[in-house]
Amino acid sequence: MSEREREWCEVCDFVAVRRPDHGERVVDIEATQRRLGERLDDGRMRVLRADVPLADMMPLAEADLKYTIVLFARCETCGTTWFHGLCIRGRPVHKPVEDGAEERWPWEEVPARELWAS
Ligand SMILES: [Zn+2]
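These figures come from a predicted structure and were not determined experimentally.

*Asks:* Mind showing me how you'd approach the coordination of the zinc ion here?
*Replies:* Ideal values differ by geometry: the angle at a metal is 109.5 degrees with four tetrahedral donors, but 90 or 180 degrees with six octahedral donors. Of the protein atoms, only C9 (SG), C12 (SG), C75 (SG) and C78 (SG) coordinate the zinc ion, at distances of 2.2 to 2.3 Å. Classification of the site at the zinc ion as tetrahedral follows from its four donor atoms and the range of 100 to 115° in their angles at the metal. Look at where the donors of the zinc ion fall in the sequence and you get C-x2-C-x62-C-x2-C. The exposure class of C75 is buried, given its relative accessible area of 0%.

Pasting the structure below:
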């Protein structure tokens, strides 16, 4: 999915933190989740649909029970939908997507919470 042309937004465009990794710029998942969490907590962004709450994404990923764990969030300032995803064997993804992308995502069942939550 290509990134569409967007105006710079002071709320959601400051969420992603990237760091160099072998010559590439990769999403720094801890810093990015911290910033995303701040915006979800104070209402500047809201979750549209997610496998689990933001704070549960890393514990679930670390349990190695589900291949991808995703969260779609909407910025209340500019209206952009953001895809925030963890993949057990890939790199984290944080990117703007088309409106309604959460409706087209192939949602799968989440393993029972007692199997992965501490
Ligand atoms: Zn925004």
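Picking up after the structure, the text goes on.
*Asks:* Looking at this model, I keep getting lost on the side chain of E102. Mind explaining?
*Replies:* Tracing the backbone shows E102 in helix α3 (residues 101-104). Those residues in contact with E102 that sit more than four places away from it in its chain are L48, R49, F72, T81 and W107.

*Asks:* Would you mind going over the packing of helix α1 (residues 29-41) against helix α2 (residues 54-62) with me for this structure?
*Replies:* Two quantities define a packed helix pair, namely the angle between the helix axes and the distance between the axes. At their nearest, the axes of α1 and α2 sit 9 Å apart, and the two run at 150° to each other. On the basis of their axis angle, the class for α1 and α2 is roughly antiparallel. Taken together, the residues of α2 that come into contact with α1 (itself represented by I29, Q33, L36, G37 and L40) are L54, M57 and M58.

*Asks:* Help me understand α1, please; the structure alone is not making it clear to me.
*Replies:* For α1, built from 13 residues, the straight-helix expectation of 18 Å at 1.5 Å per residue is met to within 8% by its first-to-last C-alpha distance of 18 Å. Within the span of α1, buried status applies to I29, A31, T32, Q33, L36, G37, R39 and L40. Elements that come into contact with the buried residues of α1 comprise β2 (24-27), β3 (45-50), α2, β4 (68-75), β5 (81-87) and β6 (93-97). Capping the start of α1 is the job of one residue whose side-chain oxygen sits 3.4 Å from the backbone nitrogen of E30: D28. Downstream of α1 by one or two residues, G43 has phi in the positive range, about 85°.

*Asks:* Sorry if this is basic, but what is going on with the sheet that holds β4 here?
*Replies:* Whether parallel or antiparallel, the strands of a sheet pair through hydrogen bonds between backbone atoms. Strand order in this open sheet of four strands is β3-β4-β5-β6, and the pairing throughout is antiparallel. The open sheet terminates on both sides in strands that have one partner only, identified here as β3 and β6. Put simply, the sheet's adjacent strands are angled 25° from each other on average, direction ignored. Bridge count between β3 and β4: five bridges; the pairing is antiparallel. Each residue of the ladder has a partner; that of R49, found in β4, is F72. Against the sheet, α1 touches β3, β4, β5 and β6, its axis set at about 140° to β5.

*Asks:* It is not clear to me how the side chain of D51 should be interpreted in this structure. Could you clarify?
*Replies:* Along the chain, D51 falls in the loop between β3 and α2. According to the relative accessible area criterion, D51 is buried, its value standing at 13%. A polar side-chain atom of D51 sits 3.5 Å from a polar atom in the side chain of K66. Here the side chain of D51 touches V70 through a polar contact of 2.9 Å, landing on its backbone nitrogen. Sequence-distant contacts of D51, defined by excluding residues within four places in its chain, comprise K66, T68, I69, V70, W107, E108 and V110.

Cut-offs used in this document
Residues numbered from 1 in each chain as written. Predicted model: local features only at pLDDT ≥ 70, side-chain atom pairs only at ≥ 80, totals over all residues. Heavy atoms only, no water. Donors = N, O, S within 2.8 Å, 3.2 Å for Na, K, Ca; no water. Tetrahedral: all angles 85-135°; square planar, octahedral: opposite > 155°, others 65-115°. Buried < 20%, exposed > 50% of the residue type's maximum accessible area, 1.4 Å probe, protein only. Helix = DSSP H or I, 4+ residues; strand = E, 2+ residues; numbered from the N terminus. Contact = heavy atoms within 4.5 Å. Axes fitted to C-alpha atoms, helices over the stretch in contact; angles between N-to-C directions. Parallel < 35°, antiparallel > 145°, perpendicular 65-115°, else oblique. Expected span 1.5 Å × (residues − 1). Polar contact = N/O pair within 3.5 Å; in protein donor to acceptor, adjacent residues only side chain to side chain. Pairing = 2+ DSSP bridges.

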